[in-house]
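Summary of structural features
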Amino acid sequence: DVKVTQSSRYLVKRTGEKVFLECVQDMDHENMFWYRQDPGLGLRLIYFSYDVKMKEKGDIPEGYSVSREKKERFSLILESASTNQTSMYLCASSFLAGATNEKLFFGSGTQLSVL
Amino acid sequence: RKEVEQDPGPFNVPEGATVAFNCTYSNSASQSFFWYRQDCRKEPKLLMSVYSSGNEDGRFTAQLNRASQYISLLIRDSKLSDSATYLCVVNPPGGGYNKLIFGAGTRLAVHP
């Protein structure tokens, strides 16, 4: 079965800190995604990547950047954490580039609190 | 108006009950539709895709009504283990995963 692993389940950071969220998938998927999930808002796409070193902005990229140096790893970076970035962050991957019916596999999430 | 809207619930039902959720979407040209299930403090997992002709998987039936722009999920013979949040996901025109729009979810609580 596909495994998407996020490095931390809970993180507490201070305002202004640089934060790295790591995600690794073990099934050679081309696509990887970072979402945030907030109560009442649903999942919102921050960034996605369809290949190594390729990235595209999602709906809410402001305040975030990403890195995909290897196919299996997709990192989300908060350059200077702010309190409004307190959220649940979910990484996901999928197999076929450009397909719309392929299943999304999610990691178990990182609950980030910025104080 | 939100692009994808769901009744947040919670829907509290006894075991064995039949329960149905609707999800409305604003873009009439949306291409594909899905239901995901998310257990408390866990990640979302695909429950089923929703086809134009409707589809069934055991106790679960998903239907699409393009004229009224909603999809539905029907759960028959509810089990305690069905307690979860059900996310409606819509892929609007243009396709591609970067376009997937998630609803905020409907919470279901099945009690003994």
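Small disclaimer: the values here were computed from a predicted structure and weren't measured.

Here's the deal with the overall build of chain B
Broken down by element type, chain B carries 0 helices and 11 strands. Sequence-ordered secondary structure for chain B, helices as α and strands as β, is β-β-β-β-β-β-β-β-β-β-β. A compact globule built from 112 residues would reach a C-alpha radius of gyration of about 13 Å, and chain B, at 14 Å, matches this within 12%. Each principal axis of the C-alpha atoms in chain B carries an extent, and together these give about 45 × 30 × 25 Å. Across the 112 residues that make up chain B, the buried fraction comes to 47%. Summarising the internal contacts of chain B: among those between residues at least 6 apart in sequence, 57% fall at separations of at least 24. As presented, chain B carries roughly 5,300 Å² of accessible surface, and 46% of it is formed by carbon and sulfur atoms. Distance between charge centroids for chain B: 4 Å, based on 12 positive and 10 negative side chains.

Describing the overall build of chain A
For chain A, the count of helices and strands is 0 helices and 12 strands. Helices (α) and strands (β) of chain A occur, in sequence order from the N terminus, as β-β-β-β-β-β-β-β-β-β-β-β. In terms of overall dimensions, chain A is globule-like: its C-alpha atoms have a radius of gyration of 13 Å, near the 13 Å expected for 115 residues. Referenced to the eigenvectors of the C-alpha coordinate spread, the extents of chain A come out at roughly 40 × 30 × 25 Å. Going through the 115 residues of chain A one by one, you find that 48% of them count as buried. For chain A, the proportion of contacts with a sequence separation of at least 24, taken over those separated by at least 6, is 56%. Between the averaged position of the 15 positive side-chain charges in chain A and that of its 15 negative side-chain charges there is a distance of 6 Å.

Focus: the state of the cysteines
Two cysteines joined by a covalent bond between their sulfur atoms form a disulfide. All names here are of chain B. According to the stated counting rule, one finds 2 disulfides over all chains in the structure shown. Disulfide pairing is shown between Cys23 and Cys88; the S-S distance is 1.9 Å. Taking the torsion about the S-S bond as the criterion, the Cys23 to Cys88 disulfide, at about -70°, is left-handed. A residue pair is termed long-range when its members are at least 10 positions apart, and Cys23 in strand E3 (residues 19-25) and Cys88 in strand E9 (residues 84-91) qualify at 65 residues. Overall, the relative accessible area of 0% leaves Cys23 in the buried class. By relative accessible area, which is 0% here, Cys88 ends up buried.

Quick word on the packing of aromatic side chains
Applying the stated criterion to the full structure yields 12 aromatic pairs over all chains. Relative to Phe48 of chain A, the ring of Phe33 of chain A has its centre 6.0 Å away and its plane inclined at 15°; by these criteria the two rings are stacked. Pair noted here: Phe33 of chain A is in strand E5 (residues 31-38) and Phe48 of chain A is in strand E6 (residues 42-51), with a separation of 15 residues, a long-range link. Seen in terms of ring centroids, Tyr25 of chain B and Phe33 of chain B are 4.9 Å apart; in terms of plane orientation they differ by 45°. Their pairing is tilted. Ring pairing ties together the aromatic residues Phe33, Tyr35, Phe48, Tyr50 and Phe106 of chain A together with Tyr36 and Phe102 of chain B, which thus form one cluster. The residue whose ring lies beneath Arg9 of chain A is Tyr10 of chain A, and the NZ or CZ to ring-centre distance is 5.4 Å.

Points about the sheet that holds strand E8 (residues 70-75) of chain B
All names here are of chain B. The strand order across the open sheet formed by 5 strands is E1-E3-E8-E7-E6, and the pairing between neighbours is antiparallel. Each edge of the sheet is formed by a strand with only one pairing partner; in this case those strands are strand E1 (4-6) and strand E6 (55-57). Averaged over all pairs of adjacent strands, the angle between strand axes in this sheet comes to 20°, irrespective of strand direction. Here strand E7 (residues 60-65) runs beside E8; their pairing, made up of 6 bridges, is antiparallel. Bridging across to E8, Phe60 finds its partner in Ile75.

What counts and how
Counting starts from 1 at the beginning of each chain's written sequence and moves along it residue by residue. Chain letters start at A and ligand numbers start at 1, both assigned in the order the entries are written. Reporting in this predicted model follows two pLDDT cut-offs: at least 70 for local features of residues, and 80 or more for side-chain atom pairs to be given and counted; totals over whole chains, interfaces and linings ignore these cut-offs and use all residues. The basis for every side-chain value is the complete set of heavy atoms in the structure, and neither hydrogens nor water enter the calculation. Runs of H or I in DSSP of at least four residues are treated as helices and runs of E of at least two as strands, each being numbered from the N terminus. Atoms considered for the radius of gyration are the C-alpha atoms alone. The globule rule reads 2.2 Å times the number of residues to the power 0.38. When a residue's accessible area, from a 1.4 Å probe over protein chains only, is under 20% of the maximum for its type it is buried; when over 50% it is exposed; and in between it is partly exposed. In what follows, residue pairs with any heavy atoms lying within 4.5 Å of each other are defined as contacts. Here the accessible surface of atoms and residues is derived via Shrake-Rupley with a 1.4 Å probe, and residues count as covered only by protein chains that are part of the display. Lys and Arg are tallied as positive, Asp and Glu as negative. Neither His nor the chain termini are counted. The atoms used to mark charge sites are NZ of Lys, CZ of Arg, CG of Asp and CD of Glu. Here, two cysteine sulfur atoms that lie within 2.5 Å of each other are counted as a disulfide. Only the six-membered ring of Trp is used, alongside the rings of Phe and Tyr, when aromatic pairs are assigned; centres must lie within 6.5 Å, and planes under 30 degrees apart are stacked while those over 60 apart are edge-to-face, with the rest tilted. Lysine NZ or arginine CZ positioned within 6 Å of the ring centre and within 35 degrees of the ring normal marks a charge as sitting over the ring. Strand pairing requires that DSSP identify at least two bridges connecting the strands. Whenever a helix is involved, its axis is fitted only over the stretch in contact; in every case the axis is a line through C-alpha atoms, and angles between N-to-C directions fall within 0 to 180 degrees.

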